[in-house]
Amino acid sequence: MSKNKYAVNERGYYGRFGGAYIPELLRANVDELRENYLKIINSEQFKKDYKRLLDNYVGRPTPLTKVGNLSKRYGTNIYLKREDLTHTGAHKINNTIGQILIAKYMGKNRIIAETGAGQHGVATATVCALFGLECIVYMGALDIERQAPNVARMKMLGAKVVPAISGNQTLKDATNEAIRDWIANPNSFYLIGSVVGPHPYPDMVTRLQSIISKEIREQLTIETGNPNPDYVIACVGGGSNAAGAFYHYLDEEDVKLVAVEASGLGVNSGETAATITIGDVGFIHGSKTMLMQDEDGQITEPYSISAGLDYPGVGPLHAHLAETGRAQFLSVTDQEALDAAMILAQSEGIIPALESAHALAALEQIRFDKDDVVVVNLSGRGDKDMETYMKEINNL
Ligand SMILES: *Cc1c(COP(=O)(O)O)cnc(C)c1O
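Given the structure is predicted, the values throughout are model-derived calculations rather than measurements. (Residues numbered from 1 in each chain as written. Predicted model: local features only at pLDDT ≥ 70, side-chain atom pairs only at ≥ 80, totals over all residues. Heavy atoms only, no water.)

## Regarding helix H2 (residues 44–58)
For an α-helix the count is 3.6 residues per turn, leaving residues at separations of three or four pointing the same way. Put simply, the test is: Under the DSSP-based scheme used, a helix requires at least four consecutive residues in state H or I and a strand at least two consecutive residues in state E, with every element numbered from the N terminus. For a helix, the expected span equals 1.5 Å multiplied by the residue count minus one. Three exposure classes are used, based on accessible area relative to the maximum for each residue type with a 1.4 Å probe and protein chains only: buried under 20%, partly exposed in between, and exposed over 50%. This arc is taken over the directions from the axis of the helix to the C-beta atoms. By definition, residues are in contact when any of their heavy atoms lie within 4.5 Å.
For H2, spanning 15 residues, the distance from its first C-alpha to its last is 20 Å, which sits close to the expected 21 Å at 1.5 Å a residue. Taken residue by residue, H2 has Phe46, Asp49, Tyr50, Leu53, Leu54 and Val58 as its buried positions. The buried side chains of H2 occupy one side of the element, clustering within an arc of 130° when seen end-on. Exposed residues on H2 whose side chains face more than 90 degrees from its buried face are Glu44, Lys48 and Asn56. Against helix H1 (27–41), helix H4 (92–105), helix H5 (119–131), helix H9 (201–209) and helix H10 (211–224) lie the buried residues of H2. Looking one or two residues past H2, Gly59 carries a phi angle of roughly 95°, positive in sign.

Following this line, the structure appears as structure tokens:
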């Protein structure tokens, strides 16, 4: 159907990854979404509504900033795609704005989401407030304790935060609760926060985030006369900001795509989230993909200093990009990310999110040419991470 060699096929697969491995009771809900999402996304009305909201609410297009001091440091030409300057301070809003429109077009009046660190919960609560829709966010009881500021944000925005008290009381348990709710309430819309989950979610979220690479192409054309950079670098938790930054370059094989995972305390430390590096094939969140698991196939608890990268799987598109070699996967430790955040703050006056700092740390691992054009997707701003940064500063 698509000329794009890395696009999802009609059955929801990227190579051997993807699909929709879901309980039979969920089938009708997922089918309804699959049958409607492309029709809606491709409609003139959606395009108009989505663009108006991106322009006037989210604050797009976001700038593409050439960072001179950082360029000098690495002996090349570095541009930052400034998702940190969006409303709510990260790329997640591109997706929630798009999905809430799809929900509205499908006549759904109640939104369900699950969240780990709370960032997707906040982005969902934001758009539900804007559209006046009921918002139920499932969150592990332990995560609720750990992420008090985001819980307060969601509540202030009018969302109901429901604790998941089974299992480890973290993200996986919240997902189970959200799925149970969706089965019981088929007229609700399940709003997923990354390029994960059963087909069509990975493709739908990728398309909604692809505004990032669409803008990069336009901005680079003006800046350099060429829409294509030599490198696009992005961090990967579930993989949505990377999918959006890569999307319009997937078939441009001369553009090198670099995905950066969080290795936590080190890839072999047992305290890591470097899924592609140490994981293998399995099933998580309704799709066949790469994930971290033990010998019995139990999903292992991930670890990263950055809450947004602390996920044991990766979207099926990324599993495919890794397997085909289309994208290079690097990993960055907590400490390397902290160092990169300090470097950006002190050389450019920009405090990045800890997640985005992982993408910046990858600059240390690549040898660039002086004529290269390098785009780093700055997925979010660092305000939410100040407590972590303060500990680092006190150690200086
Ligand atoms: C959530 C988050 C991420 C990780 O999610 P992806 O789906 O991999 O993009 C990265 N950066 C920021 C700022 C985030 O909030």
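Moving on, there is more to tell.
## A word on the site of the ligand
Put simply, the rule is: One heavy atom within 4 Å of a molecule or strand is enough for the residue carrying it to be called near that molecule or strand. By the criterion applied in these results, polar contacts are pairs of N or O atoms within 3.5 Å in which, for protein atoms, one can donate a hydrogen and the other can accept it, and in which residues neighboring in sequence qualify only through two side-chain atoms. Here the accessible surface of atoms and residues is derived via Shrake-Rupley with a 1.4 Å probe, and residues count as covered only by protein chains that are part of the display.
Among the 18 residues in the neighbourhood of the ligand, the closest are listed as Lys92, Gln119, Ser194, Gly237 and Ser240. For the ligand, an oxygen atom lies 2.6 Å from a polar atom in the side chain of Gln119. Within the side chain of Ser240, one N or O atom sits 2.7 Å away from an oxygen atom of the ligand. For the ligand, whose accessible area on its own is 380 Å², the fraction buried by protein is 97%.

## Concerning the packing of aromatic side chains
For the record, the criterion: Pairing of aromatic rings covers Phe, Tyr and the six-membered ring of Trp, with a centre-to-centre limit of 6.5 Å; geometry is then stacked below 30 degrees between planes, edge-to-face above 60, and tilted otherwise.
A full pass over the atoms with the stated rule returns 6 aromatic pairs. Summarising the aromatic geometry, the rings of Phe46 and Tyr105 are spaced 6.2 Å apart at their centres and angled 90° between planes, so their arrangement reads as edge-to-face. Highlighted residues: Phe46 in helix H2 and Tyr105 in helix H4, separated in sequence by 59 residues. Under the relative-accessibility criterion, Phe46 is labelled buried at 2%. On the basis of an interplanar angle of 65° and a centroid distance of 6.1 Å, the ring pair of Tyr190 and Tyr201 is categorised as edge-to-face.

## Looking at the domain arrangement of the chain
Just so we agree on the cut-off: Each domain span listed reflects an automatic or database assignment of domains. Accessible area that two parts lose when put together, evaluated with a 1.4 Å probe and summed over both, is termed the buried area. Each residue receives one of three labels: charged for Asp, Glu, Lys and Arg, nonpolar for Ala, Val, Leu, Ile, Met, Phe, Trp, Tyr, Cys and Pro, and polar for the others, Gly being one of them.
Along its sequence, the chain is carved into domain 1 (14–54 + 92–205) and domain 2 (61–89 + 210–395). Each of domain 1 and domain 2 has a C-alpha centre, and these two points are 23 Å apart. Tallying the contact residues gives 32 residues for domain 1 and 33 residues for domain 2. Approximately 2,500 Å² of surface area, both sides summed, lies buried where domain 1 meets domain 2, with 64% of it carried by carbon and sulfur atoms. Three residues stand out in domain 1 for area buried against domain 2, namely Arg16, Phe17 and Val195, and they jointly supply 24% of the buried area on that side. Where domain 1 packs against domain 2, one counts 7 residue pairs in polar contact (both at pLDDT 80 or more). Every element with two or more residues in the side of domain 1 that touches domain 2 is listed here: strand S2 (17–18), H2, H4, H5, helix H8 (171–184) and H9. If one sorts the elements of the side of domain 1 that touches domain 2 by residue count, H8 sits on top with 3 residues. Considering only residue class, the side of domain 1 that touches domain 2 consists of 16 nonpolar, 13 polar and 3 charged.

## Structural notes on the pairing of strand S13 (residues 327–333)
Formally: Between any two strands, at least two bridges found by DSSP are needed for them to pair.
Extensive coverage of S13 is indicated by the burial of 5 of its 7 residues. Across 7 bridges, strand S10 (residues 256–264) lies against S13 in parallel orientation. Note on S13: the bridge partner recorded for Glu261 is Ser331.

## Overview of the sheet that holds strand S7 (residues 160–164)
Test applied: Between N-to-C directions, angles cover 0 to 180 degrees, with each direction set by a line fitted to C-alpha atoms, over the stretch in contact for helices.
Strand order in the open sheet formed by 4 strands is S7-S6-S5-S8, with parallel pairing between adjacent strands. Edge strands, defined here as strands with exactly one partner in the open sheet, are S7 and strand S8 (188–190). Across this sheet, the average inter-strand angle for adjacent strands is 25°, counted without regard to direction. One ladder, built from 3 bridges, connects strand S5 (residues 110–115) with S8; its direction is parallel. Each residue of the ladder has a partner; that of Ile112, found in S8, is Tyr190. Relative to the sheet, H4 contacts S5 and S8, its axis offset from that of S8 by approximately 150°. Across the face of the sheet, H5 comes into contact with S5 and strand S6 (134–140) while running at roughly 165° to S5.

## Focus: the environment of Gly313
Examined against the element boundaries, Gly313 turns out to sit in the loop between strand S12 (287–291) and helix H13 (316–324). The spacing of Gly313 and Gln147 is 166 residues in sequence and 21 Å in space, taken between C-alpha atoms. Leave out the neighbours within four places in its chain, and Gly313 touches Gly237, Thr275, Ile284, Met290 and Leu291.

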